[in-house]
Amino acid sequence: MEEKQLAQFSLADGTTFLVEVEEPESRGIERVSLRSGKQVLKARQTFEEALDQIQPVASAVITKLRDLNQPADEVEVKFGLKLTADAGAVFASVGGEVSYEITLKWSHKNQGK
């Protein structure tokens, strides 16, 4: 069972927050002290930089769904993300597989066009 650690992520404006992560594989992660004296891992990327890795994938999914012969009026895509101190944001897996949930909705007035 993986040991959980706290990792400190920062926002572009300097705001920091803690995320519970698994112990990183890389031992080159810097540790920082909180005001309480507790040691936490310092994420290598800002939160925004971590999400930048995910944005092209989400954009590709949405672009492909918009290119359907009969585009949906509403598109909802759900996928799990996992934050790590060393890799940033990664797609979470269940049972070794990454899964997406895609919901397409058409309104009745546009059906049959």
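Here, every reference points to the structure presented above.
Conventions we followed
- Residues numbered from 1 in each chain as written.
- Predicted model: local features only at pLDDT ≥ 70, side-chain atom pairs only at ≥ 80, totals over all residues.
- Heavy atoms only, no water.
- Salt bridge = Lys/Arg side-chain N within 4 Å of Asp/Glu carboxyl O.
- Buried < 20%, exposed > 50% of the residue type's maximum accessible area, 1.4 Å probe, protein only.
- Helix = DSSP H or I, 4+ residues; strand = E, 2+ residues; numbered from the N terminus.
- Contact = heavy atoms within 4.5 Å.
- Pairing = 2+ DSSP bridges.
- Axes fitted to C-alpha atoms, helices over the stretch in contact; angles between N-to-C directions.
- Polar contact = N/O pair within 3.5 Å; in protein donor to acceptor, adjacent residues only side chain to side chain.

Caption draft 1: Layout of the pattern of salt bridges. This model, assessed by the stated rule, comprises 3 salt bridges. Residue lysine 78 pairs with glutamate 76 through a salt bridge whose shortest N-O separation is 3.4 Å. Owing to a relative accessible area of 35%, glutamate 76 belongs among the partly exposed residues under this scheme. Close ionic contact of glutamate 101 with lysine 78 constitutes a salt bridge, the shortest N to O distance being 3.9 Å. Taken together, the residues glutamate 101 in strand 8 (residues 100-105) and lysine 78 in strand 5 (residues 74-79) connect sequence positions 23 residues apart.

Caption draft 2: Region of the structure containing the side chain of glutamine 5. Looking at the element boundaries, glutamine 5 is found in strand 1 (residues 4-10). The contact partners of glutamine 5, leaving out residues within four places of it in the chain, are Val19, Glu20, Val21, Glu23, Arg31 and Leu41.

Caption draft 3: Structural detail: the sheet that holds strand 1. The sheet built from 4 strands is open, its strands ordered 2-1-4-3 with mixed pairing. Sheet topology places strand 2 (16-22) and strand 3 (31-33) at the edges, where each strand pairs with a single neighbour. Going from strand to strand, the sheet's axes swing by 45° on average, the running direction of each strand aside. Taken together, the 2 bridges between strand 1 and strand 4 (residues 39-42) define a ladder with parallel strand orientation. Following the sheet pairing, glutamine 8 is matched in strand 4 by lysine 42.

Caption draft 4: The arrangement of the pairing of strand 7 (residues 88-91) in detail. Alignment of strand 6 (residues 81-84) against strand 7, held across 4 bridges, turns out to be antiparallel. From the neighbouring strand, lysine 82 faces strand 7, where its bridge partner is valine 90. Count of turn residues in the strand 6/strand 7 antiparallel hairpin: 3 residues.

Caption draft 5: Region of the structure containing the environment of glutamate 101. On the basis of relative accessible area, glutamate 101 is assigned to the partly exposed category, the value being 42%. Along the backbone, glutamate 101 and valine 77 are 24 residues apart, and their C-alpha atoms lie at a distance of 5.7 Å. Sequence-distant contacts of glutamate 101, that is, excluding residues within four places in its chain, are made with Glu76, Val77 and Lys78.

Caption draft 6: A look at the side chain of threonine 84. Here threonine 84 lies in strand 6. Polar contacts involving the side chain of threonine 84 include one to the main-chain amide nitrogen of alanine 87, which spans 2.9 Å. Beyond its immediate sequence surroundings of up to four residues, threonine 84 is in contact with Phe9, Val21 and Val90.

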